[in-house]
Amino acid sequence: MRFKKPLDVLLKEAGESGAGTLKRTLSSFNLVTMGIGAIIGAGLFSLTGLAAANNAGPAVVISFVIGAIGCAFAGLCYAEFASMIPIAGSAYTYSYATMGEFVAWIIGWDLVLEYALGAATVSISWSQYLIKFLHLFGLQIPPQWTMSPWETAAQANGVVVHGYMNLPAVFVIVCLSLLLIRGSRESAFVNNLLVILKVAVVLVFIGVGWQFINPSNYHPFIPDNTGKFGEFGWSGVFRGAGVVFFAFIGFDAVSTAAQEAKDPKRGMPIGIIGSLLVCTVLYVLFSHVMTGLANYKDFKDSAAPVAIAIEKTPYAWLQEGIIVAILCGYTSVILVMLMGQSRIFFTMSKDGLLPKVFSKVHSKFQTPYMSNLFFAGFVSLFAAFVPVRVVGEMVSIGTLFAFVLVCIGIMVMRKSDPNTPRPFRAPWVPFVPIAGVVICMAMMISLPGDTWIRLAVWMAIGLVIYFFYSKKHSLIRKGVVSVPKDPEPPMA
Ligand code: ALA
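Residues numbered from 1 in each chain as written. Predicted model: local features only at pLDDT ≥ 70, side-chain atom pairs only at ≥ 80, totals over all residues. Heavy atoms only, no water.

Caption draft 1: Molecular detail of the overall build of the chain. Counting its regular elements, the chain contains 17 helices and 2 strands. Here the C-alpha atoms of the chain give a radius of gyration of 22 Å, agreeing with the 23 Å that 2.2 N^0.38 yields for 492 residues. Projecting the C-alpha coordinates of the chain onto the three principal axes gives extents of approximately 80 × 50 × 45 Å. A buried classification covers 59% of the 492 residues belonging to the chain. Summarising the internal contacts of the chain: among those between residues at least 6 apart in sequence, 80% fall at separations of at least 24. When the 34 basic and 24 acidic side-chain charges of the chain are each reduced to a single mean position, those positions are 6 Å apart. (Helix = DSSP H or I, 4+ residues; strand = E, 2+ residues; numbered from the N terminus. Rg over C-alpha atoms; globule rule 2.2 N^0.38 Å. Buried < 20%, exposed > 50% of the residue type's maximum accessible area, 1.4 Å probe, protein only. Contact = heavy atoms within 4.5 Å. Lys, Arg positive; Asp, Glu negative; His and termini not counted. Charge placed at Lys NZ, Arg CZ, Asp CG, Glu CD.)

Dropping the structure here:
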């Protein structure tokens, strides 16, 4: 028997307010900035150069457009679900309502890869930029404390040092978790500031850089394929789309704030589609300027491709601006990812699939503080002790998997609950969700085999927890979940 969470129960839960529930403080503007906060980060600032140098050349612009189209299909499905079932659990909740508890568990567990490991990945990159930032002031952190134990660094005197742990990465995770505990409104305020700053610097880069574009860098626009799939030519443009996909991850995080949105039915589609749209325009312009300033070959093996592009302009001060923008950009990505993760565990715990402690709400701040504290520790462990490559690879596969299930879920829901009000309807169903599934699956298949093995191991751990804990404690299975009663009608 398939245990599904009835839609009327979900809709009643979405409407609840007061003690033990999350506070509704986020406007549509906050939701768009939240999306942009999660989206613009390591993908834009680091991967654009790599995708241009190794896969697509100047046609990385087309890779961004392809990535955006794939995400837009999934984004439209997310927007329909999030406006229809505005609950913090995002894809987990949508699956619970459409495909049943088992699939919901799988997706909830899978989202840890996107959100928790996403935060860990970006915090490790953040620590590298903090080091660059401190250098500007002649300050230095001992390298042993900025790397995982699996990494080494050669010092100027030739001595090779081994890492102990990545302390700056832990620092940023702990600080942002504390901010999240303090409150969604405070977190949204800080996020708005960070987003304004990073978007401003991106716009300055585009505006200033545009004047120094050397048109010869665009020839050839799509370099000839080397004979290997994915190395230039059209296959390279598509492989490039898979690489820069990471840059789009995060728009779906908006849906995890559904229970904190003032008007989720309107705000969810605006937040999801709006942030995706803004970022796509910025990405296309940014990558066009970047590959116009420097030749795509110059970005080969560079960890800081934007710096290479800026060197082609007379404005060296932009280098410093970019470091600050990148630090702000990464901070807001981590903030939103940590927030999304705690909200998903909050919802899973409310359903009984995880221990109650994860849905404990702070009496004063009305935030799921125990979930925030748990993930401060969990994410810190990965950030401190695991190399960035290992965690980073897990994020894309986990996210794509979630997108596939959301696209399938929309088709199921249109059949099972055709008459439930949908404040936002994804257009051209089933074409949009089917195209979303196909594109996301294609990107998953293009990921390396060891990423698939890690996904399988993570899922196996999840299944053990499901069969030994969640199944036994599921409130739906126990019959505890009942439709909350409507308020008594007023006496005549
Ligand atoms: N899209 C986010 C980034 O690029 C995850 O950092």
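Caption draft 2: Local environment of the confidence of the model for the chain. Averaged over every residue, the pLDDT of the chain is 88; the share at 70 or more is 95%. Mean pLDDT in the chain bottoms out at helix α1 (residues 7-15), which sits at 74, and peaks at helix α10 (residues 264-293), which reaches 95. Every residue in residues 483-492 is under pLDDT 50, and counting partners more than four places away or in other chains gives 7 contacts. (pLDDT = per-residue confidence, 0-100.)

Caption draft 3: Spatial organisation of the state of the cysteines. Counted by the stated rule, this structure contains 0 disulfides. With no disulfide of its own, C175 has C328 as its nearest cysteine by sulfur position, at a separation of 14 Å. Looking at C175, the relative accessible area reads 36%, which means it is partly exposed. Unpaired in terms of disulfides, C279 finds its nearest cysteine sulfur in C71, a separation of 11 Å. We classify C279 as buried; its relative accessible area is 0%. (Disulfide = S-S within 2.5 Å.)

Caption draft 4: The site of the ligand, seen in detail. Near the ligand you find A38, I39, G41, A42, G43, V122, F246, A247, I249 and V333, and these make up its full shell. Between the ligand and the protein, one listed contact pairs an oxygen atom with a backbone N or O atom of A42 at 2.8 Å. A distance of 3.2 Å separates a nitrogen atom of the ligand from a polar atom in the backbone of A247. Considered on its own, the ligand offers 220 Å² of accessible surface; in the complex 99% of this is hidden by protein. Looking at the shell around the ligand, the elements with two or more residues in it are α2 (28-39), α3 (42-56) and α9 (233-248). Of the residues belonging to the shell around the ligand, the class tally is 8 nonpolar, 2 polar and no charged. (Near = heavy atom within 4 Å. Polar contact = N/O pair within 3.5 Å; in protein donor to acceptor, adjacent residues only side chain to side chain. Areas by Shrake-Rupley, 256 points an atom, 1.4 Å probe, with all protein chains shown as cover. Nonpolar A, V, L, I, M, F, W, Y, C, P; charged D, E, K, R; others polar.)

Caption draft 5: Spotlight on the packing of aromatic side chains. One pass over the full model with this rule turns up 34 aromatic pairs. Note on W145 and Y164: the rings are 5.1 Å apart at their centroids and 75° apart in plane angle, and the pair reads as edge-to-face. Taken together, the positions of W145 in the loop between α6 (101-136) and β1 (152-154) and Y164 in the loop between β2 (160-162) and α7 (167-182) put the pair 19 residues apart, joining distant regions of the chain. (Phe/Tyr/Trp six-rings, centres within 6.5 Å; stacked < 30°, edge-to-face > 60°.)

Caption draft 6: The arrangement of the environment of K350 in detail. On the secondary structure map, K350 appears in helix α12 (residues 317-350). Look at K350 and you get partly exposed, because its relative accessible area is 40%. The sequence separation of K350 and T226 amounts to 124 residues, and the corresponding C-alpha distance is 53 Å.

Caption draft 7: Examining the side chain of S187 more closely. Mapping S187 onto the fold places it in helix α8 (residues 184-210). On the accessibility criterion, S187 (2% relative accessible area) is buried. For S187, the side chain forms a polar contact with the main-chain oxygen of L179, separated by 3.3 Å. Among the polar contacts listed, one links the side chain of S187 to the backbone oxygen of G183, at a separation of 2.7 Å. Look past the residues within four positions of S187 in its chain and what remains in contact with it is L179, L180 and L335.

Caption draft 8: Representation of the packing of α3 against helix α4 (residues 60-84). Here α3 crosses α4 at 115°, and the two axes come no closer than 9 Å. When you trace α3 past α4, the crossing you get is right-handed. Across from L44, T48, A51, A52 and A56 in α3, the residues of α4 making contact are V60, S63 and F64. (Axes fitted to C-alpha atoms, helices over the stretch in contact; angles between N-to-C directions. Left-handed = near helix turned anticlockwise from the far one by under 90°.)

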